[in-house]
Amino acid sequence: MDTVSPHHRSKGEANLPGRLAGGHMRGGGRARGTLLVVLLALPLLLYLAGPIVGLMARTTPSVWESYVCCWQAASALRLSLVTASIALIVVIIIGTPVAYWLAHYDFRGKGLIDTLIDLPLVLPPAAAGFALLLLFGQQGIGSWLQLHGLRISLTPLAVVMAQVFVASPFYVKQARAGFEAVPQDLRLASATLGAGPARTFLRVTAPLSSPALLAGAVMTWARALGEFGATLVFAGAFPGRTETMPIAIYTTSTTNLPAAIALACTLVIVSFAVLVVTREIAGRRLRISLAP
Amino acid sequence: MLSNLRWAVLLLGILFAAGCAGKEAPESRTGTPGATGEKIRLIAFVGAASKPPTTEAKEAFEKANPNIVVDISFGGSGTLLNQMTLEETGDIYMPGSNDYMDKAEEKKAVAVETRKIVAYLIPMICVQRGNPKNIQSLKDLARPGVTVGLAKAGAVCLGDAADGILRRAGLEEEVKKNVITYAGSCDQTQQLVQLGEVDAVIGWDAFKHWSPDKIDVVPIAREHLQVRNIPAAISTYTEHPEAAQKFIDFLTSEEGKEIFSKHGYSVTPPQI
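Conventions and cut-offs
Residues numbered from 1 in each chain as written. Chains lettered and ligands numbered in written order. Predicted model: local features only at pLDDT ≥ 70, side-chain atom pairs only at ≥ 80, totals over all residues. Heavy atoms only, no water. Pairing = 2+ DSSP bridges. Helix = DSSP H or I, 4+ residues; strand = E, 2+ residues; numbered from the N terminus. Axes fitted to C-alpha atoms, helices over the stretch in contact; angles between N-to-C directions. Contact = heavy atoms within 4.5 Å. Phe/Tyr/Trp six-rings, centres within 6.5 Å; stacked < 30°, edge-to-face > 60°. Buried < 20%, exposed > 50% of the residue type's maximum accessible area, 1.4 Å probe, protein only. Core = buried A, V, L, I, M, F, W, Y, C linked by side-chain atoms within 4.5 Å. pLDDT = per-residue confidence, 0-100. Patch = residues over 30% accessible without salt bridge, like charges linked within 9 Å, V, L, I, M, F, W, Y side chains within 5 Å. Areas by Shrake-Rupley, 256 points an atom, 1.4 Å probe, with all protein chains shown as cover. Salt bridge = Lys/Arg side-chain N within 4 Å of Asp/Glu carboxyl O. Polar contact = N/O pair within 3.5 Å; in protein donor to acceptor, adjacent residues only side chain to side chain. Left-handed = near helix turned anticlockwise from the far one by under 90°. Nonpolar A, V, L, I, M, F, W, Y, C, P; charged D, E, K, R; others polar.

Asker: Teacher, can you tell me more about the sheet that holds strand E9 (residues 215-218) of chain B here?
Answerer: Neighbouring strands of a sheet are bound in pairs by backbone hydrogen bonds; such pairs are parallel or else antiparallel. All names here are of chain B. On the basis of which strands lie adjacent, the open sheet formed by five strands has the order E7-E6-E8-E5-E9 and mixed pairing. Two strands in the sheet have a free side with no partner beyond their single neighbour: strand E7 (179-183) and E9. For this sheet, the mean angle separating the axes of adjacent strands, direction not counted, is 35 degrees. In terms of strand pairing, strand E5 (residues 123-128) meets strand E8 (residues 200-204) through five bridges, oriented antiparallel. If you follow Cys126 over to E8, its bridge partner there is Val201. On the sheet, helix H5 (residues 157-168) packs against E5, strand E6 (148-151) and E8 and is oriented at approximately 115 degrees with respect to E8.

Asker: Mind showing me how you'd approach the environment of B:Val201 here?
Answerer: All names here are of chain B. With respect to the secondary-structure elements, Val201 resides in strand E8. Sequence-wise, Val201 and Gln190 are eleven residues apart; in three dimensions their C-alpha atoms are separated by 7.6 Å. Each residue touching Val201, except ones within four places of it in the same chain, is listed here: Met124, Ile125, Cys126, Gly149, Thr189, Leu192 and Val193.

Asker: Any chance you could explain the sheet that holds strand E1 (residues 40-47) of chain B here in plain terms?
Answerer: All names here are of chain B. The strand order across the open sheet built from five strands is E2-E1-E3-E10-E4, with neighbouring strands paired in mixed fashion. For this open sheet the edge positions go to strand E2 (68-75) and strand E4 (116-121), each flanked by a neighbour on one side alone. In this sheet, adjacent strand axes meet at a mean angle of 20 degrees when their direction is disregarded. Relative to E2, E1 runs parallel, the two being bridged by eight bridges. In the strand pairing of E2, Val46 is matched with Phe74. Seen against the sheet, helix H3 (residues 77-87) touches E1, E2 and strand E3 (92-94) and runs at an angle of roughly 140 degrees to E1.

Asker: Help me understand the packing of aromatic side chains in this model?
Answerer: How two aromatic rings sit relative to each other is given by the distance of their centres and the angle of their planes. Applying the stated criterion across every chain, the model contains 13 aromatic pairs over all chains. Judged by centre distance (6.4 Å) and plane angle (55 degrees), the rings of A:Tyr100 and A:Tyr105 are tilted. Seen in terms of ring centroids, B:Phe260 and B:Tyr265 are 5.8 Å apart; in terms of plane orientation they differ by 65 degrees. Their pairing is edge-to-face. Note on B:Tyr265: relative accessible area 5%, which makes it buried. An aromatic cluster is defined as three or more aromatic residues linked by ring pairs; in this entry it consists of A:Tyr100, A:Tyr105, A:Phe179 and A:Phe201.

Asker: Quick question: what am I supposed to make of the nonpolar core here?
Answerer: If you look at soluble globular proteins, the nonpolar side chains tend to sit buried side by side. B:Leu42, B:Met94, B:Trp204, B:Phe260 and B:Tyr265 are the most contacted members of the largest nonpolar core, which totals 44 residues. At six residues, helix H9 (residues 241-251) of chain B tops the list of elements feeding residues into this core. With residues up to four places along the chain from it excluded, the contact list for B:Phe260 reads B:Pro53, B:Thr54, B:Met94, B:Val118, B:Ala119, B:Leu251, B:Tyr265 and B:Val267. One finds A:Ala87, A:Leu225, A:Ile249 and A:Leu263 within the second-largest nonpolar core, a separate group that totals 38 residues.

Asker: What should I look at first to understand the confidence of the model for chain A in this one?
Answerer: Detailed reading of the predicted coordinates is not advisable wherever pLDDT is low. All names here are of chain A. Mean pLDDT over chain A works out to 84, with 86% of the residues at or above the 70 mark. For chain A, the element scoring lowest by mean pLDDT is helix H1 (residues 6-10), at 45; helix H9 (residues 156-181) scores highest, at 95. In the model, residues 19-23 has pLDDT below 50 throughout and makes three contacts with residues more than four positions away in sequence or in other chains.

Asker: Help me understand the environment of A:Gly137 in this model?
Answerer: All names here are of chain A. Mapped onto the fold, Gly137 is located in the loop between helix H7 (125-136) and helix H8 (142-147). We classify Gly137 as buried; its relative accessible area is 0%. With 16 residues separating them in the primary sequence, Gly137 and Ser153 have C-alpha atoms 5.6 Å apart.

Asker: Is there a simple way to explain a nonpolar patch on the surface in this structure?
Answerer: Residues and elements named next belong to chain A. A surface patch of nonpolar side chains, amounting to about 470 Å² of accessible area, comprises Leu35, Val38, Leu39, Leu42 and Leu46. With respect to the helices, strands and loops of the structure, Leu35 is situated in helix H3 (residues 27-57). By relative accessible area, Leu35 is classed as exposed at 54%.

Asker: Please clarify how the environment of A:Ser253 should be interpreted in this entry.
Answerer: Relative to the assigned elements, A:Ser253 resides in helix H14 (residues 245-253). A relative accessible area of 13% means that A:Ser253 is categorised as buried. Sequence spacing of A:Ser253 and A:Leu263 is ten residues, and the spatial spacing of their C-alpha atoms is 9.7 Å. Contact partners of A:Ser253, with chain neighbours within four places excluded, come to A:Ala260 and B:Gln191. A distance of 2.7 Å separates a polar side-chain atom of A:Ser253 from the backbone oxygen of A:Tyr250.

Asker: Which parts of the structure should I look at to understand the side chain of B:Ser97?
Answerer: Residue and element names in this part refer to chain B. In this structure, Ser97 sits in the loop between E3 and helix H4 (98-106). One polar contact links Ser97 to Asp99, side chain to side chain, over a distance of 2.6 Å. Once you skip the residues sitting within four places of it in the chain, Ser97 turns out to touch Cys157, Asn229 and Pro231.

Asker: It is not clear to me how the packing of helix H5 (residues 71-104) of chain A against helix H6 (residues 110-122) of chain A should be interpreted in this structure. Could you clarify?
Answerer: If you want to describe how two helices pack, look at the angle between their axes and the distance between the axes. All names here are of chain A. Where H5 meets H6, the axes come as close as 11 Å, and the angle between the chain directions of the two elements is 145 degrees. Between H5 and H6 lies a crossing whose hand is left-handed. Packed against H5, whose contacting residues are Val98, Trp101 and Leu102, the element H6 presents Lys110, Ile113, Asp114 and Ile117 at the interface. Looking at side-chain class alone, the contact of H5 with H6 contains five nonpolar, no polar and two charged residues.

Asker: Hey, could you run me through the pattern of salt bridges in this one?
Answerer: Residue and element names in this part refer to chain B. Going through the model one piece at a time under the given rule, you end up with 21 salt bridges over all chains. Taking the shortest distance from any N to any O, the salt bridge between Arg41 and Asp71 comes out at 2.6 Å. With Arg41 in strand E1 and Asp71 in strand E2, this residue pair connects regions lying 30 residues apart in the sequence. The two residues Arg41 and Asp71 agree in class, both being buried. A single network of salt bridges, built from pairs that share partners, joins Asp163, Arg167, Glu172 and Lys176.

Set out below in structure tokens:
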């Protein structure tokens, strides 16, 4: 019978359906199937890669040198990377309990909470920015906060808050899906063996859902890095303090398009490098954890 | 395990390198807006299109006045005004055009008597470099086969100015037949010609300076011209009116005019 032998699994590869299907088919059929899949995948891949390559092709070294090495561009990049990373950590800390709650409990109003989590995805970023500004600014609790010496709007703190607002749904949804996919038997077994809910979560649920958690974290970080509208409105665009890379690209583009393109290329390259390296680190961990 | 560590180090290295690239910032600013400390900190809300000359002017001003620091937030004039009025903060407002300053005056966000003109915006016909379609006047914009772009009237003051000019010349209907798109902002209008999307736009004289290798300008007959300006004024929320006045005076001084002129802006009132 054509089943995938244990030999395949021991190589440490994930059991992808494609491989299983390939194992069932004979040689020529498998090649045709693969070719078809690749051809159908090409349009989207070319559509994503094309503009990026075009962007890079328009940047000459001299333009890059005169515009990207100046301190404003460097500070915008540094601010973007730092705030996105802080936003990610905040989202993980405050988002994991929400994902846990939605995954393991049933309650009235669960649908409402679900929809609430989705809201930042459909809200236009500028609208989100104004909403944050009205709540945390002088028109809302901001005036009270300022009496106690804390100013939120138009500061770097606002940058992080705007990023957390727009990027949190990505992590929460992925984490929830990951937690839900952990078989309940395993969690019950853990409880039977004497582990409390916290220990079960840390030692059983979280490790088993780590691919989903990682995917959610990567998407959250990427979304936070690219955030523009909410940040511009809530935090302003002060170079060195709240002017993130996307905002710098925009303000530069009004008078100097080649420089803006060079900045955009820089952002693409750095983000790409970080994502690739993160995948490598996580990938190894995944392959190790799946091996017998 | 070891190679795992290598990747982690590489990741940190990329982040570190990206963060440390470039020269250090001339000033390191900490604290919340409005905090004074030793230096007076001014907050200016300035239209994005004025970024290059205003940044240079700010650096020259800070050199001449070491006890004053000017923090500038560049953005869309409308958004900046909203931020100013909602947050009741800011010392200086310098929108991209005078109609936003009028709005600011209506909202009582600026002190009317402090309003000054920093630069003039003179509408011109902006064409592709070399003027391949040989457009010499407003009438040529109505020629069949010529594609035209305009800024959106009602949303962008450049659009209102262009509409006013065409109406004065009696060419509004004919030219609008050739308009293939209405841009949502000044820079988008400029980009239409810069990227070759249209043959001509009615834009500001400064457009040519922003992309000298892509754009040529054709003057518009004086009798149809409607000039706008880039104004600056002190906000009513300021806590440092004297320092703010100093900065505005600097922008309109000979040195300030020279900086703006260098960046392609007209600093003397046009003769009409």
